[in-house]
Structure formats: structure tokens, C-alpha cells
Amino acid sequence: MIPYGRQSISDDDISEVIDVLRSDWLTQGPNVGCFEQVVADYCGVRYAIAVSNGTAALHVACLAAGLGTGDVLWTSPNTFVASANCARYVGADVDFVDIDPDTLNMSADALELKLRTARNEGARLPKVVVPVDFGGLSCDMNRISSLAREYDFTVLEDASHAIGGRYLDLPVGSCSHSDMATFSFHPVKIVTTAEGGMIVTNDDALAERLRLFRSHGITRDPALVTGDPEGIWYYEQVTLGYNYRMTDIQAALGASQMKRIDAFVDRRNVVAARYREAFAQMPIGTQAIPSDCASAYHLFVIRVDAAVRAHVFSLLWDAGIAVNVHYIPVHMQPYYRNLGFQPGDFPEAERYYSEAMSIPDFPALTDGEQTYVIQSVHDALEAT
Ligand SMILES: *Cc1c(COP(=O)(O)O)cnc(C)c1O
């Protein structure tokens, strides 16, 4: 089967991991800080905090933002459930903002309208908004950040898909238009640590809180402890945190992968460009990429007539191509329906979902495999 995405592991990656296995530090050693520095430098951001996965990154980011019971977080319905679940972990409520039908990201127009309506009706305004860089494409961060100033919310950019992407000629994750951004290093994402995640920020206070929540709420920092240090063993738990640490094994893999991130993203873009050319003559829609953005292309999504989507999907599986669907709108999940959401609440996300399919785009996809995918999509459409 040709998957929709998969990791690329080199001999160098393997030997970096083996070196850690032979070293003194499997976790809480020097590799985590090195990986954090590599990512911070790459993104042009001051702080990078590595955690055990992208979901943990969103969770500690919500804690650092002070989100809690009685608050509400707004995100896109066209995302993985973790972008919304992070609010529920801290006892906050979730609401959604519908997508732009062209970029498939949270619509800045819809966000503005929903904010204005909430203010006019005296309804709750969001404490945190989570724009999700769908497929690797940055959201309209300029407009979202100016709405954040007007309506006083924290911008937590879920950039799980988008490390290596660019916005206004800056790397995604520079936090020039967000308070924090998070990455996931799951094997289908742009770079991998097997499981892993990271939060980036330029804010000193947020960085400090993120580090605390990552590791039990425990600190040795003299500036943070409240009591008198009784000796060099002394530490304090000053808040309730978690064990969300990344291991040195993972961090070494991540740092090694980061040496090839530009090659990964370039190759994903080459694959995407060839798809766009091939599909221009077919009844297929694709994600619009605004001219001020460069996508990291975690996903290449196509849209076909909703009446034939399921059939095309199964014909491609029969042909050995493991296409997938990103995403079933989060508000349609039983868990969220039980909280009161209904079909029809976010019609653009629902319409997109009914037509969507993610087809293979990853660095190791060969030209021959891609030719086969294009031919198979063509044949599947002809057969329906
Ligand atoms: C992958 C992903 C996550 C969660 O990352 P994990 O590392 O799998 O926990 C969160 N949000 C989005 C949009 C993702 O695609």
C-alpha cells in the first residue's frame, strides 16, 4: 500500500539514536535542550519547549494561558480532535469557527463576525483561540492577531502540520502573530520523533509556565521557589503539572531530522505542484494557497463530488493507495454532539468533509508512485 504520509529515516538518524542509547542520559539529558535550540533557531523564536506529543503541547499551552473552568476556547472544526480537547482537559468549554472554503483554515471573516455577535449579545468571548494551520498552510494570522488585540484573547496556533511552512516571509512558529504555537512530531508529520511535540513562544512568562507544567509543576529555579533552599537537593512543586517530558532518544532523532527539514518540505511541494498540474483538467478541487504563504504540505487534499467520494475512496484503496479523510468535523463527533453541537452548525467544514480525501504526499514518494496515484485517481473518477 502507498500511504498518504510516512516518515523518512536516514542512517544518520539511526546512528544519532544509537549514540543516545549508549550514553548516560536516556531522558533529562542534554539532547532535549539541543533539539529545542535547533527548532527555536529554525523558527526564529525565543523559546521552544519539547514535550511528549503534540496533544500534551496543546494541553500545557492552555494551562500556561490560564484557561480553565468558565472559560471558552474557539477553534476550527476542520482539525484533529486534540485542538479542541485541550480546552476540555482544563475544564473549559469549546466552540468552533467555520472554515474558509478555499483555504480550509478558520475563516477570519467568520471569526470577526462571531466575536462581534458575542460582544453585542453580551455572550462569552473566547479566552483562547486556536487557529489550525491545516495541511501545513498558515492561517490568516495577521487578521487573527489584530482581532486578538481588539477582543483580548490568547492566540494559540496549532501548527502541528506546518513546521517548515512560511507566512509573510517568516517561518511558521516565529510567533510574530501568535502568543504560542505548537508542533507535533508524529511520524506522519513533517519531522518526527516517533511521538513528540513542542511549544514555541517569545513570551518569558509563558515559557516559564510551560516548563513547569511539562514536569510536575516542579522547579529548582531560585526565582520560583517560595521557601528557603535547604540544600542543593532542594526543589519545590509550586503548581500541579504533569510528566510530559520528551526523552533524549526522541530529541536526538528530532535534531537529526531537522537537518533535512527544508529538503522534506521542498519535496512535498514538488509533489503538490505536480498534482495540481495533473488535476487542473479533472473535476477535482484543491486547497487554495494565498500568495503570502508557503505550505509545508503535511497533507495534499483533493475535493471530489460528494456523491462519488466514498466510491472513489474505496477504488483507490483497491488500487493499493491508502487515502484518508482529514477531517471529520470535530463538532460532529459523538462526544461533542453530547455537548450540544449538531450537524449543520458549521456548514463549510461539513461540506468540505463530504468531498475530501488526502492523497499520498511525503518526501519518499517516488515519481513512479505519484504517476500511479494520478492515473488511479483519474481512473476512479471515470469509473463513478
Ligand atoms: C497530529 C495533530 C495533533 C496532535 O499531535 P500528537 O503528536 O499526535 O499528539 C494536534 N493537532 C493537529 C492539527 C494534529 O494534526
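Residues numbered from 1 in each chain as written. Predicted model: local features only at pLDDT ≥ 70, side-chain atom pairs only at ≥ 80, totals over all residues. Heavy atoms only, no water.

S.K.: A description of the site of the ligand should follow, citing residues and the corresponding values.
M.R.: Surveying the vicinity of the ligand reveals 16 residues, the closest of which are G54, T55, H161, S184 and K189. At a separation of 3.3 Å, a nitrogen atom of the ligand approaches a polar side-chain atom of S160. At 3.0 Å, a side-chain N or O of K189 approaches an oxygen atom of the ligand. Here the ligand, which alone exposes 380 Å², has 91% of that area covered by the protein. When contributions to the shell around the ligand are tallied by element, the ones reaching two or more residues are helix 3 (54-64) and helix 4 (82-89). For the shell around the ligand, the leading source of residues is helix 3, giving three residues. (Near = heavy atom within 4 Å. Polar contact = N/O pair within 3.5 Å; in protein donor to acceptor, adjacent residues only side chain to side chain. Areas by Shrake-Rupley, 256 points an atom, 1.4 Å probe, with all protein chains shown as cover. Helix = DSSP H or I, 4+ residues; strand = E, 2+ residues; numbered from the N terminus.)

S.K.: Now, about the pairing of strand 17 (residues 356-359): what can you tell me, with residues and values included?
M.R.: Residues A356 and S358 point to one face of strand 17 and M357 and I359 to the other, with burial holding for every one of them. Alignment of strand 15 (residues 300-303) against strand 17, held across four bridges, turns out to be antiparallel. Across the sheet, the residue bridging to I302 is M357, located in strand 17. (Buried < 20%, exposed > 50% of the residue type's maximum accessible area, 1.4 Å probe, protein only. Pairing = 2+ DSSP bridges.)

S.K.: Tell me what's going on with the pattern of salt bridges, and back it up with residues and numbers.
M.R.: Side-chain pairs of opposite charge can arise where the charged atoms are in close proximity. With the rule as written, the count across this model stands at 15 salt bridges. Between R124 and D93 there is a salt bridge, with its nearest N and O atoms 3.0 Å apart. Placement of the pair is R124 in the loop between helix 5 (108-120) and strand 5 (128-130) and D93 in strand 4 (residues 93-96), with a sequence separation of 31 residues. With relative accessibility at 42%, the residue R124 sits in the partly exposed group. Taking the relative accessible area as the measure of exposure, D93 reaches 30% and is therefore partly exposed. One salt bridge connects R119 with E150, and the closest N-O pair in it is separated by 3.4 Å. Taken together, the residues R119 in helix 5 and E150 in helix 6 (residues 141-151) connect sequence positions 31 residues apart. The structure contains a network of salt bridges with shared partners spanning D109, E112, R116 and R143. (Salt bridge = Lys/Arg side-chain N within 4 Å of Asp/Glu carboxyl O.)

S.K.: Before we move on, can you summarise the packing of helix 2 (residues 30-43) against helix 8 (residues 248-258) with the specific residues and values?
M.R.: Running from amino to carboxyl end, helix 2 crosses helix 8 at an angle of 30°, the nearest separation of the two axes being 8 Å. With respect to their mutual orientation, helix 2 and helix 8 come out roughly parallel. Crossing of helix 2 against helix 8: the hand is left-handed. Across from P30, N31, V32, F35, V38, V39 and Y42 in helix 2, the residues of helix 8 making contact are D248, A251, A252, G254, A255 and M258. Among the residues forming the contact of helix 2 with helix 8, the class breakdown is 10 nonpolar, two polar and one charged. (Axes fitted to C-alpha atoms, helices over the stretch in contact; angles between N-to-C directions. Parallel < 35°, antiparallel > 145°, perpendicular 65-115°, else oblique. Left-handed = near helix turned anticlockwise from the far one by under 90°. Contact = heavy atoms within 4.5 Å. Nonpolar A, V, L, I, M, F, W, Y, C, P; charged D, E, K, R; others polar.)

S.K.: Mind laying out the sheet that holds strand 8 (residues 170-171), listing which residues take part and the relevant values?
M.R.: Read across the sheet, three strands follow the order 8-7-14 without closing on themselves; strand pairing throughout is antiparallel. Each edge of the open sheet carries a strand with a single partner, namely strand 8 and strand 14 (293-294). As paired elements, strand 7 (residues 166-167) and strand 14 share two bridges and run antiparallel to each other. Directly across from Y167, in strand 14, lies its bridge partner C293.

S.K.: Report on unusual backbone geometry, specifying residues and quantitative values.
M.R.: In this model, H326 is joined to Y327 through a cis peptide bond whose omega is 5°. With respect to the secondary-structure elements, Y327 resides in the loop between strand 16 (321-322) and helix 11 (334-337). Positive phi, close to 55°, is recorded for Q28, a residue that is not glycine. You can see Q28 is positioned in the loop between helix 1 (11-21) and helix 2. Here Q28 falls in the exposed class, since its relative accessible area comes to 52%. You will see that L168, though not glycine, has its phi angle at about 50°, which is positive.

So far we have only geometry, and geometry alone does not tell us how the molecule works.
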